[in-house]
Amino acid sequence: MDFLKFDADKCSLCGVCVEGCPFGALSIEGKGILVNEKCRMCGLCVRRCPEKAIRFEQRAKAFDKDKWRNFLIYVEQERGDVHPVAYELIGEARKMAAKVDYQVHCVIVGGKGTTQNAEKLLPYGVDKVFVYEHPGFEGFRADCYADAVADCIAANKPSSVLIGATALGRSLAPRLSTRFHTGLTADCTSLDIRPNSDMIQIRPAFGGNIMAQIGITKSRPQFATVRYHVMDKAERVSDPKGEIVVCPVNDEMSRSGIEILSTRVIDKVKSLEEEEILVVAGRGARNEKGVELCRALADALGGQLAFTRPMVENGFGDTAHQIGLSGRTVRPKLIITCGVSGAIQFTSCMTGSECIVAINEDPNAQIFKVAHYCIADDLFQVVPMLTELITKRKEEE
C-alpha cells in the first residue's frame, strides 16, 4: 500500500504490527516490513507500533487519478433507519457521475438491521452498497467506524467521498481524510465536477462574503461534507440494478477503544431542518415583545420560531433554532422573516425555501432581493394582523 510508510531506523522488527493485522497484509522481509495488496488502511498497525515507526503518507502527484474512480457515499443510520441526508447525497452524486461516467456507491456501517437498511438505497439508482454489519458496530463509535469505512475506501479507491454534515459525519470525515492524507471541505452548499474528475466543492467563506470554489487536485480521495437540506433528494429509478456487497468484519475491526457505560434514548423533537413552516425573528424584532409576536405567528401557522445570529447572541434563542452559516440550513415550504436584514450569512442558508415572505420596514433591505413576497412595513403592526387573520381563518374552517 503506497500510503503506509515504515521508518527503518525506528523499526525493531518486533512483529507486533504483523501479528495484529486483521487482514494479513504485513510480513517481515529481510530487515523491513512488506505491505501487500490486502492492506485496508485500518490504522491498527500505526496505533499499535511500540516504536512509532509506521505512518500514513500521501505525496503530491504520487497517485494515478485513473485508479481512483466513482463516488462513495457514507450512509448514516439514525434510530434504526437511513438518515435522509443520504438520499440527498445520492441525488447530487448521480448528477456528477453522469458527467464523468462514474458509478455511485454507498457504504453503511452498523449493527443488526444494517443490511435491510442498505436495501432501501437500491431504488434510488446506486450501483453498489457495501455493508459492514457486526454487533460491535451497534451505536456509533468514531474509531471503529473509521476503520470500517477506511477499509471500504482502500479496497475500492473512490475518487470522491461524500458525507452528511451531521454531528456524526463531522466526527467521522476528518478522521478519514487525515488517515488518507488528503483534503476535506466541510459544509458544502454546492458540488460540481470537472472532466478530469476534480470535484469542485462550493461553500461560503470569509463570513459568507464570498462563495469559495475549492478543489482537491493533488491527492485522492476527495472528501466533502454536505449540510442536510441543501440539495434535492434523489429520485427513484424505474429499474434498479444495484447490488448489496456484504463485507467481511472481524472482531478486531469492530473493537473500539471507547467503552459505552450506558445509553439513553432522547425523545426526538422535530428539528428546524425538518420543519415545513418557519417564522424568523431578526434584529428588527428588537425585544421580548417583538419575539413573542413572532412566536404567536409561528404557533398560529403550526410551525416553529427561528432566529438570526444577532438574536441568539442577545439571548432570545439558541443555536438549535438559529438559521445561518453558524446555525442551520433550512428548506421549508413557507418561511416568514420578521425584521431580518438579509445578510448573505443568513440568506445562503434559506434560499431553497419554496415560499419566502419578508417583513421589514426598510424598503431597501437585502432580504427583499430573495423574497417572493415583500412587505415594507413595521412588523409590530403587520405580524399581529397576520396572526389574527390566520386564527380567524382556522376558526371558520
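Coordinates for the structure precede this section.
So, here's what we can say about the structure. Within each chain, residue numbers correspond to sequence positions counted from 1 in written order. Two thresholds apply to this predicted model, a pLDDT of at least 70 for residue-level local features and 80 or more for giving and counting side-chain atom pairs, whereas whole-chain, interface and lining totals are computed over all residues. Hydrogens and water molecules were not included; the side-chain quantities draw on all heavy atoms of the structure.

Observations concerning the layout of surface pockets
By volume, the largest pocket is sized at about 1600 Å³. Detection works on a 1 Å grid of protein atoms alone, calling trapped sets that fit a 1.4 Å probe cavities and calling open sets with protein on both sides within 12 Å along at least five of seven lines pockets, with lining residues defined by an atom within 4 Å of a point. Lining the largest pocket are 46 residues; nearest its centre among them are Glu76, Gln77, Glu78, Arg79 and His83. Those elements that provide at least two residues to the lining of the largest pocket are strand E6 (77-78), strand E8 (104-110), helix H4 (114-119) and helix H6 (167-179). Each helix corresponds to a stretch of at least 4 residues labelled H or I by DSSP, and each strand to a stretch of at least 2 residues labelled E; elements are numbered beginning at the N terminus. Ranked by the residues each element gives to the lining of the largest pocket, the list is headed by H6, at three residues. For the lining of the largest pocket, a count of residues per class yields 16 nonpolar, 16 polar and 14 charged. Grid points are joined across faces, edges and corners, and a volume is the space filled by probe spheres set on the points. One number sums up the size of the second largest pocket: a volume of about 340 Å³. Together, 21 residues line the second largest pocket, and Thr308, Arg309, Pro310, Ala343 and Phe346 are the ones closest to its centre. Of all the secondary structure elements, the ones that give two or more residues to the lining of the second largest pocket are helix H9 (309-313) and helix H10 (344-347). Of the residues belonging to the lining of the second largest pocket, the class tally is six nonpolar, 13 polar and two charged. For this classification, Asp, Glu, Lys and Arg are treated as charged, while Ala, Val, Leu, Ile, Met, Phe, Trp, Tyr, Cys and Pro are nonpolar and the rest, including Gly, are polar.

Quick notes on the environment of Val104
For Val104, the position within the fold is in strand E8. Three labels apply to residues, based on accessible area from a 1.4 Å probe with only protein chains included: buried if under 20% of the type maximum, exposed if over 50%, partly exposed otherwise in between. On the basis of relative accessibility, which here comes to 2%, the residue Val104 falls in the buried class. Separated by 39 residues in the primary sequence, Val104 and Asp143 have C-alpha atoms spaced 25 Å apart. Contact definition: two residues touch when any of their heavy atoms are within 4.5 Å. With residues up to four places along the chain from it excluded, the contact list for Val104 reads Phe71, Ile73, Ala93, Arg94, Ala97, Val126, Asp127 and Lys128.

Describing the nonpolar core
Residues Tyr74, Val107, Val109, Tyr132 and Phe137 are the most contacted members of the largest nonpolar core, which totals 43 residues. Counting only elements with at least two residues in this core, the list comes to strand E3 (32-35), strand E4 (54-56), strand E5 (71-75), E8, strand E9 (128-133), helix H5 (142-156), strand E10 (160-164) and H6. In terms of residue count, the dominant contributor to this core is H5 (nine residues). Not counting chain neighbours up to four residues away, the residues in contact with Tyr74 comprise Leu89, Val107, Val109, Tyr145, Val149, Leu162, Ile163, Leu168 and Leu172. Buried Ala, Val, Leu, Ile, Met, Phe, Trp, Tyr and Cys residues form a nonpolar core when they are joined through side-chain atoms within 4.5 Å.

Examining the pairing of strand E18 (residues 304-307)
The alternating pattern of E18 places Gln304 and Ala306 and Leu305 and Phe307 on opposite faces, both of which are buried. When DSSP finds two or more bridges between a pair of strands, those strands are recorded as paired. Bridging between strand E17 (residues 277-281) and E18 involves four bridges; their strand directions are parallel. From the neighbouring strand, Ala281 faces E18, where its bridge partner is Phe307.

Here's the deal with the packing of helix H8 (residues 288-301) against helix H11 (residues 379-396)
Lines fitted to C-alpha atoms define the axes, with helix axes restricted to the stretch in contact, and inter-axis angles between N-to-C directions lie between 0 and 180 degrees. Between H8 and H11, the shortest axis-to-axis distance is 9 Å and the interhelical angle comes to 25°. Judged by the angle between their axes, H8 and H11 are roughly parallel. For the element pair H8 and H11, the recorded crossing hand is left-handed. Side by side, H8 and H11 meet where Lys289, Gly290, Leu293, Cys294, Ala296, Leu297, Asp299, Ala300 and Leu301 of the first sit next to Phe380, Val383, Pro384, Leu386, Thr387, Ile390, Thr391 and Lys394 of the second. Partitioning the contact of H8 with H11 into residue classes produces 11 nonpolar, three polar and three charged. Any angle from 65 to 115 degrees is called roughly perpendicular, while one under 35 is roughly parallel, one over 145 is roughly antiparallel, and all others are oblique. Put simply, a crossing is left-handed when the front helix is turned counterclockwise from the back one by less than a right angle, and right-handed when it is turned clockwise.

Focus: helix H3 (residues 85-100)
Helical geometry: 3.6 residues make up each α-helical turn, so side chains three or four residues apart lie on a common side. What a helix is expected to span follows from its residue count: subtract one and scale by 1.5 Å. A rise of 1.5 Å per residue sets the reference length of H3, with its 16 residues, at 22 Å; its end C-alpha atoms lie 23 Å apart and thus fit the reference within 8%. All of the buried residues in H3 are Val85, Ala86, Tyr87, Glu88, Leu89, Ile90, Gly91, Glu92, Ala93, Met96, Ala97 and Val100. Looking one or two places after H3, you find Asp101, whose phi comes out positive at around 60°.

What about the sheet that holds E9?
Backbone-to-backbone hydrogen bonds pair the strands of a sheet. The strands run either parallel or antiparallel. Pairing is parallel across the open sheet formed by seven strands, whose spatial order is E11-E15-E10-E5-E8-E9-E16. Each of the sheet's edge strands pairs with one partner strand only, and the pair in question is strand E11 (184-188) and strand E16 (243-246). Here the strands of the sheet are splayed against their neighbours by 20° on average, with no regard to which way each runs. By the bridge criterion, six bridges tie E8 to E9 in an arrangement that is parallel. Paired with Val107 across the two strands is Phe130, which belongs to E9. Taken strand by strand, H3 contacts E5, E8, E10 and strand E15 (222-226), and its axis lies near 175° from that of E5. Against the sheet, H6 engages E5, E10, E11 and E15, with an angle of about 155° to E10.

Remarks on unusual backbone geometry
With an omega dihedral of 0°, the bond running from Arg220 to Pro221 counts as a cis peptide bond. A positive phi angle, near 55°, is found at Arg79, a position not held by glycine. Within the element layout of this structure, Arg79 appears in the loop between E6 and strand E7 (81-82). Given the relative accessible area of 52%, Arg79 is considered exposed. In this structure, Asp187 is a non-glycine residue whose phi angle is positive, near 55°. Checked against the element boundaries, Asp187 lands in strand E11. Here Asp187 falls in the buried class, since its relative accessible area comes to 14%.

That is the geometry; function is a separate question.
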